[in-house]
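Below are the chains, spelled out letter by letter.
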Amino acid sequence: MSNRPLSGRRRVALALSALLGGTALVAVPMSAPAAAAGGLAVQYRTSASGATADQSEPWFKVRNTGSAAVQLSQVKIRYYFKADSASATYRFACSWAVKGCANVTGTFGTLAHPTGTADRYLEIGFTSTAGSLAPGADTGDMQLRFYQSSWQPVNQADDYSFSGAQTSYADWNKVTAQLAGATVWGTAPEGNDPTDPTDPTDPTDPPGGGQALFDDFSYSSYTDPAISAHGWNVRSNSGGPGVPGATWDPSKVTFPTVSGNKVMNLETSTAGTGESTRQTEVLTKSMKFKNGTYAARVKFADAPKSGPDGDHLVQTFFTINDLKAPMADDYAEYDFEYLPNGGWGEPGDILYTTSWETYNPDPWQAVNQHTESRQSYAGWHDLVLTIDSGSIKYYIDGQLFGTHDAQYLPERPMSINFNQWLIDLAGQTSTTARAYDEQVDYVLHVKDQVLTPAQVSSKVAAYRSAGTAFVDEVPTP
């Protein structure tokens, strides 16, 4: 349990001045698959034939070789490869598909029995809207690709399913296909039959039915009327957290295009005094989010974009509601907080995830649970928080970071927040101007459903493939 210093907790109470003002998690029903009638064949080609490449590009066609129609939602294909390092993480993308990229999903799994040419797999699936294949019909082109999250080159030469010579479509038995849970095509690396119950399969399709908020932050500026219309508040009022006398400056929230993609940029700057300090915060106007999945892709920075380094900076993604009275038991807050230069008594890089039950601001008393990691998190990271009826889980880049206990579950809905601010001016005492950036690619909330990080990626990819920049289906309580 963490007892965070008062300066950190003041951020919680005072950030809520920017606001305008449960149901239990339900199980997602699983339907039994229909009996498989017939079989499948998979054709493969690659459009990146080098032994190394910026990304792997396995393209597929799936053909129904049976005598009855096949529901594509019951089809799974696995492409097997060897990770470039034990810590490597990968991203899936669909460039084009006859069936529509929004209907094609891709997730990654780890083999139960690694071999010299495979310890991971990419599993391709289809949504329920992908339709069916008549006997003899095929899906047409599925032009797929995957790459390292770090954008380092991938080594394909030792990948089980890869063939640089396969530049035209042909049947390929080094990928496997399952129909309604039964393997009907291909040969997996030795000891890794997809139907083996010990194989830690990562589900592909996000469960249906969850009302969602998704925002790609495709706005023109902080004055864009769509920001408010979509339920966001770009903070301009005074108050904490942070350096006394600092200003929350909405003009420092911008929406640049980075690598062809719009992002939200939060800039915080100072010249070493409270009056010169400009902080930034964007939050939902409504407190309507409770159980389910929260996700964002966030770029943390260790160094300023200009000026001297060293300020005690906090870069965040969090959910919160208001403290109605000291030690009120219906308070809730769940944080990702990155301190690139330390602070709160820490000398260097540290990332906290913290689940709050309640607190008393004066005299300071806190009831919370936290997990921390003392290392650099500079760069882009996928942050996922899940809340169900039993625990709170935090994931970073697909890996479980911390699990917190049921006593910290929320009693009331919350807002969704991003902010960047300075704890104090003790880390860097210079009066030279400096500025720091935190960037946000997207935010996602799915009400009352717990998604895996892979399912989050699939859902975001589906929105983007469909050209959906914003949706909000989450009802206001």
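Description of the structure in this document.

Rules and cut-offs
Residues numbered from 1 in each chain as written. Predicted model: local features only at pLDDT ≥ 70, side-chain atom pairs only at ≥ 80, totals over all residues. Heavy atoms only, no water. Helix = DSSP H or I, 4+ residues; strand = E, 2+ residues; numbered from the N terminus. Buried < 20%, exposed > 50% of the residue type's maximum accessible area, 1.4 Å probe, protein only. Areas by Shrake-Rupley, 256 points an atom, 1.4 Å probe, with all protein chains shown as cover. Contact = heavy atoms within 4.5 Å. Disulfide = S-S within 2.5 Å. Salt bridge = Lys/Arg side-chain N within 4 Å of Asp/Glu carboxyl O. Pairing = 2+ DSSP bridges. Axes fitted to C-alpha atoms, helices over the stretch in contact; angles between N-to-C directions.

### Considering the overall build of the protein
Step number 1: Looking only at helices and strands, one finds three helices and 33 strands in the protein.
Step number 2: Evaluated residue by residue, the protein yields a buried proportion of 54% over its 477 residues.
Step number 3: Accessible surface, the protein as shown: approximately 18200 Å² in total, 51% of it carbon and sulfur.

### Description of the side chain of Q420
Step number 1: Residue placement: Q420 occurs in strand β31 (residues 415–422).
Step number 2: Exposure remark for Q420: the relative accessible area of 0% places this residue in the buried category.
Step number 3: With near-sequence residues (within four places) excluded, Q420 lies in contact with W248, L266, E267, T268, Q279, T280, L313, V314, Q315, Y436, D437 and E438.

### Notes on the state of the cysteines
A disulfide bridge is the covalent bond that connects two cysteines by way of their sulfur atoms.
Step number 1: Taken as a whole, this structure holds one disulfide when the rule is applied.
Step number 2: Note that C94 is cross-linked by a disulfide to C101, the S-S spacing being 2.0 Å. One disulfide, between C94 and C101, carries an S-S torsion of -70 degrees and so falls in the left-handed class. An identical accessibility class is assigned to C94 and C101; each is buried.

### A look at the pattern of salt bridges
Step number 1: For the structure on display, the rule yields 20 salt bridges.
Step number 2: Salt-bridge contacts for R235 lead to E281; the nearest nitrogen and oxygen are separated by 2.9 Å. Residue R235 is located in the loop between β16 (232–234) and β17 (247–248), and its partner E281 is located in strand β22 (residues 278–284); the two are separated by 46 residues in the primary sequence.
Step number 3: According to the relative accessible area criterion, R235 is buried, its value standing at 1%.
Step number 4: The closest approach of N and O atoms between D437 and K305, which form a salt bridge, is 3.3 Å. Of this pair, D437 sits in strand β32 (residues 434–447) while K305 sits in the loop between β23 (292–300) and β24 (313–320), and the two are 132 residues apart along the sequence.
Step number 5: By relative accessible area, D437 is classed as buried at 18%.
Step number 6: Overlapping salt bridges, with partners in common, bring together R91, D216, R297, D382, D441 and R464 in one network.

### Topic: the sheet that holds strand β14 (residues 182–185)
Step number 1: Read from one edge to the other, the open sheet built from five strands follows the order β7-β8-β5-β13-β14, with strand pairing classed as antiparallel. The open sheet has two edge strands with one neighbour each: β7 (104–115) and β14. Looking at each pair of strands side by side, their axes are set apart by 30 degrees on average, direction ignored.
Step number 2: In terms of strand pairing, strand β13 (residues 175–179) meets β14 through three bridges, oriented antiparallel.

Everything listed is a geometric property; what it means functionally is a separate question.
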